[in-house]
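The chain contents come next:
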Amino acid sequence: MATLTDAEWEAYKTDMQKSYGSAQEEAMRRDLVAKSKQFVDEHNKKFEAGEVTFTCGLNGLSDHTPEEMERMHGYRPPK
């Protein structure tokens, strides 16, 4: 798994203007960003190899859970 260095984490929080309410939440968000970074790194290697036609990067949503993303986009699970 790709690691997210302390410097990368601090840069992400600064660049995206992020702050978290507790050390527990920050640890959870950092893990999500690390997983997003792993996806980005793997995808961008495919770009460099000519396997895909676009690159990816981290953004302000990289620290969101799948459930948060679903709520943001209006997903409603079946009843």
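Going by the annotation in an unreviewed UniProt entry, the name recorded for the protein is Cathepsin propeptide inhibitor domain-containing protein, with Stomoxys calcitrans given as the source organism.

Caption draft 1: View of the UniProt feature "domain: Cathepsin propeptide inhibitor" (unreviewed entry) in the protein. Under the UniProt annotation, the feature "domain: Cathepsin propeptide inhibitor" (unreviewed entry) is placed at residues 9-69. Within residues 9-69, the helical portion is 61% and the strand portion 0%, while the C-alpha atoms at the span's ends are 21 Å from each other.

Caption draft 2: Quick look at helix H1 (residues 6-15). For H1, the complete set of buried residues consists of Trp9, Tyr12 and Lys13. Along the long axis of H1, the arc covered by the buried residues comes to 95°, so they all point the same way. Away from its buried face, by an angle of more than 90 degrees, H1 presents the exposed residues Ala7, Thr14 and Asp15. Next to the buried residues of H1 lie helix H2 (23-48). Of the residues one or two after H1, glutamine 17 is the one with positive phi, at around 55°.

Caption draft 3: Quick peek at the side chain of asparagine 44. Looking at the secondary structure, you find asparagine 44 in helix H2. Judged by relative accessible area, which is 17%, asparagine 44 ranks as buried. Dropping the residues within four chain positions of it, asparagine 44 is found in contact with Thr55 and Cys56.

Calculation notes
Every chain is numbered independently, its residues counted from 1 as its sequence is written. Reporting in this predicted model follows two pLDDT cut-offs: at least 70 for local features of residues, and 80 or more for side-chain atom pairs to be given and counted; totals over whole chains, interfaces and linings ignore these cut-offs and use all residues. Note: side-chain values were computed over all heavy atoms of the structure, leaving out hydrogens and water. UniProt positions are given in the numbering used here, feature names are shortened, and annotations may be inferred rather than shown by experiment. A run of DSSP states H or I qualifies as a helix once it reaches four residues; a run of E qualifies as a strand once it reaches two. Both are numbered from the N-terminal end. Working definition: with a 1.4 Å probe on protein chains only, accessible area under 20% of the residue-type maximum means buried, over 50% means exposed, and in between means partly exposed. Directions from the helix axis toward the C-beta atoms define the arc. Residue contacts follow a heavy-atom distance rule, with two residues in contact if any of their heavy atoms lie within 4.5 Å.

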